[in-house]
Amino acid sequence: MGSEILRDLTFDIPKRSFQFLTGPSGAGKTTLLRLLFMSLKPTRGLIRSFGRDINQIPRDELPLLRRRIGIVFQDFRLLDHLTTYENVALPLRVRGKEEASYRQDVLELLKWVGLGERINVLPAILSGGEKQRAAIARALIDRPELLLADEPTGNVDPPMARRLLSLFLELNRLGTAVVIATHDLALMDQVNARRMILSEGHLDIYE
Ligand SMILES: Nc1ncnc2c1ncn2[C@@H]1O[C@H](COP(=O)(O)OP(=O)(O)OP(=O)(O)O)[C@@H](O)[C@H]1O
Ligand SMILES: [Mg+2]
């Protein structure tokens, strides 16, 4: 069914690690993140996620495993009928937490990403960069074990990109493994981190 996008990749994402995933447009960064998120299955090869072969995981267990992963999609995927606050609080609500236990955390995080004035509006009236920041806040709020972020600074100005990077670093310091897909060399140059570079279906890793 068409040509293979990724092949012969062998790598791991260690617990509490921090890495950039880079490579030209169309190289397969989003595809690789979808494989890690278990929303796409490989046509061949083995992927282990949290110690388990993803081909052996029953379909109804996938949502539980995915809750351990925070993901920022390249196209944001906010829910249109929920406000910024409700979108960001959603992972906590899904977990069955009481609003009183997280409301302050959500508000603080929204302020940190510069959305303090945008808390009660619907995504339709947010700018691209504002949507992106809401998507990042939603991915972080539940302190996932793994964060997958697809071009998370693609729609913001350089000072905001630095601010968001410091947020990812802080999350990592608290124990989350972080994978950031990006083309942004200036962003990568700010941190001495592992770089995974995709090109023509192959992966090179620079520690
Ligand atoms: N659902 C799909 N079915 C078939 N081919 C796909 C699908 N999604 C992406 N592709 C192809 O896979 C290749 C890799 O796409 P992918 O979106 O992973 O690249 P990328 O590195 O994220 O690019 P960008 O930097 O532009 O976001 C591209 O050639 C694309 O056309
Ligand atoms: Mg992509």
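Preceding this section is the structure that the text describes.
(A) Region of the structure containing the coordination of the magnesium ion (ligand 2). Surrounding the magnesium ion (ligand 2) are the protein donor atoms Thr-30 (OG1) and Gln-74 (OE1), at 2.0 to 2.3 Å. Here Thr-30, found in helix 1 (residues 29-36), pairs with Gln-74, found in the loop between strand 4 (69-72) and helix 3 (84-94); they are 44 residues apart in sequence, far enough to count as distant. Judged by relative accessible area, Gln-74 falls into the partly exposed class, the value being 42%.

(B) Region of interest: the nonpolar core. Ranked by size, the top nonpolar core spans 42 residues in total, and within it Phe-18, Phe-20, Val-106 and Phe-168 carry the most contacts. Secondary-structure elements contributing two or more residues to this core are strand 1 (18-22), helix 3, helix 4 (99-112), helix 5 (128-140), strand 5 (146-150), helix 6 (158-173), strand 6 (177-181) and helix 7 (185-188). The dominant element in this core, judged by the number of residues it contributes, is helix 6, at seven residues. Setting aside residues no more than four positions away along its own chain, Phe-18 makes contact with Leu-165, Phe-168, Leu-169, Asn-172, Val-178, Ile-180, Val-191, Ala-193 and Arg-194. If you look at the next biggest cluster of nonpolar residues, it comprises 25 residues, including Ile-54, Leu-62, Ala-181 and Leu-203.

(C) Structural context of the site of ligand 1. Surrounding ligand 1, one finds Ile-5, Pro-24, Ser-25, Gly-26, Ala-27, Gly-28, Lys-29, Thr-30, Thr-31, Gln-74 and His-183. Between ligand 1 and Gln-74, the relevant distance is 2.9 Å, taken from an oxygen atom to a side-chain nitrogen or oxygen of the residue. Between ligand 1 and His-183, the relevant distance is 3.0 Å, taken from an oxygen atom to a side-chain nitrogen or oxygen of the residue. In isolation ligand 1 exposes 630 Å². Once the protein is present, 53% of that is buried. Partitioning the shell around ligand 1 into residue classes produces three nonpolar, seven polar and one charged.

(D) Broad picture of the pattern of salt bridges. Evaluation of the coordinates by the stated rule reveals 12 salt bridges. Ionic pairing is found between Lys-97 and Asp-142, a salt bridge with its closest N-O pair at 3.7 Å. Separated by 45 residues along the polypeptide, Lys-97 in the loop between helix 3 and helix 4 and Asp-142 in the loop between helix 5 and strand 5 bring together distant segments of the chain. Lys-97 sits in the partly exposed class, given a relative accessible area of 40%.

About the thresholds
- Residues numbered from 1 in each chain as written.
- Chains lettered and ligands numbered in written order.
- Predicted model: local features only at pLDDT ≥ 70, side-chain atom pairs only at ≥ 80, totals over all residues.
- Heavy atoms only, no water.
- Donors = N, O, S within 2.8 Å, 3.2 Å for Na, K, Ca; no water.
- Helix = DSSP H or I, 4+ residues; strand = E, 2+ residues; numbered from the N terminus.
- Buried < 20%, exposed > 50% of the residue type's maximum accessible area, 1.4 Å probe, protein only.
- Core = buried A, V, L, I, M, F, W, Y, C linked by side-chain atoms within 4.5 Å.
- Contact = heavy atoms within 4.5 Å.
- Near = heavy atom within 4 Å.
- Polar contact = N/O pair within 3.5 Å; in protein donor to acceptor, adjacent residues only side chain to side chain.
- Areas by Shrake-Rupley, 256 points an atom, 1.4 Å probe, with all protein chains shown as cover.
- Nonpolar A, V, L, I, M, F, W, Y, C, P; charged D, E, K, R; others polar.
- Salt bridge = Lys/Arg side-chain N within 4 Å of Asp/Glu carboxyl O.

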